[in-house]
Amino acid sequence: MEVELIFKIAAVGILVAVLNILLSRSGRDEQALMVTIAGLVCVLVIVVREISDLFSLIKDLFAL
């Protein structure tokens, strides 16, 4: 596992957390929820890409 992947996910998490707190305190709870969902989708896309690369590597390794 690459350290860069962990840093990317952590950066998205920190950014989403800060934006969520700022929006919640200003009374924009719906927008805070949308920011949280968008952050979750971004992280899921990153993870799915890595899993896809892993499956491609396994496929090439075993020549399937």
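Structure: above.
Just so it is clear, the model here is predicted, and its values are computed rather than measured.

Conventions we followed
- Residues numbered from 1 in each chain as written.
- Predicted model: local features only at pLDDT ≥ 70, side-chain atom pairs only at ≥ 80, totals over all residues.
- Heavy atoms only, no water.
- Patch = residues over 30% accessible without salt bridge, like charges linked within 9 Å, V, L, I, M, F, W, Y side chains within 5 Å.
- Areas by Shrake-Rupley, 256 points an atom, 1.4 Å probe, with all protein chains shown as cover.
- Salt bridge = Lys/Arg side-chain N within 4 Å of Asp/Glu carboxyl O.
- Helix = DSSP H or I, 4+ residues; strand = E, 2+ residues; numbered from the N terminus.
- Buried < 20%, exposed > 50% of the residue type's maximum accessible area, 1.4 Å probe, protein only.
- Axes fitted to C-alpha atoms, helices over the stretch in contact; angles between N-to-C directions.
- Parallel < 35°, antiparallel > 145°, perpendicular 65-115°, else oblique.
- Contact = heavy atoms within 4.5 Å.
- Nonpolar A, V, L, I, M, F, W, Y, C, P; charged D, E, K, R; others polar.
- Expected span 1.5 Å × (residues − 1).

Caption draft 1: Molecular detail of a nonpolar patch on the surface. Taken together, the side chains of Ile51, Leu54, Phe55, Leu57, Ile58, Leu61, Phe62 and Leu64 present a nonpolar region at the surface, about 880 Å² in accessible area. Summarising the element assignment, Leu57 is placed in helix α2 (residues 29-61). The exposure class assigned to Leu57 is exposed, which follows from its relative accessible area of 55%.

Caption draft 2: Structural view of the packing of helix α1 (residues 3-25) against α2. Running from N to C, α1 and α2 point in directions that differ by 175 degrees, and their axes come no closer than 8 Å. Here α1 lies roughly antiparallel to α2, going by the angle between them. Here Leu5, Ile9, Val12, Val16, Leu19, Asn20, Leu23 and Ser24 of α1 come into contact with α2, specifically with Asp29, Gln31, Ala32, Val35, Thr36, Gly39, Val43, Ile46, Val47 and Glu50. Partitioning the contact of α1 with α2 into residue classes produces 11 nonpolar, 5 polar and 2 charged.

Caption draft 3: Summary view of the environment of Val43. Of note, Val43 is situated in helix α2. Through-space distance from the C-alpha of Val43 to that of Ser26 is 26 Å; in sequence the pair is 17 residues apart. Contacts of Val43, omitting those with residues within four sequence positions, involve Ile9 and Val12.

Caption draft 4: Representation of the environment of Leu19 in the model. You can see Leu19 is positioned in helix α1. Of the residues examined, Leu19 reaches a relative accessible area of 35% and is grouped as partly exposed. On a C-alpha basis, the gap between Leu19 and Arg49 in space is 25 Å, while along the polypeptide they are 30 residues apart.

Caption draft 5: Quick look at α1. Its 23 residues give α1 an end-to-end C-alpha distance of 33 Å, which sits within 8% of 33 Å, the value for a rise of 1.5 Å per residue. Listed as buried for α1 are Leu5, Val16 and Leu23. Of the surrounding elements, those touching the buried residues of α1 are α2. Positive phi appears at Gly27, one or two residues downstream of α1, with a value of about 85 degrees.

By themselves, these observations are geometric and do not establish any function.
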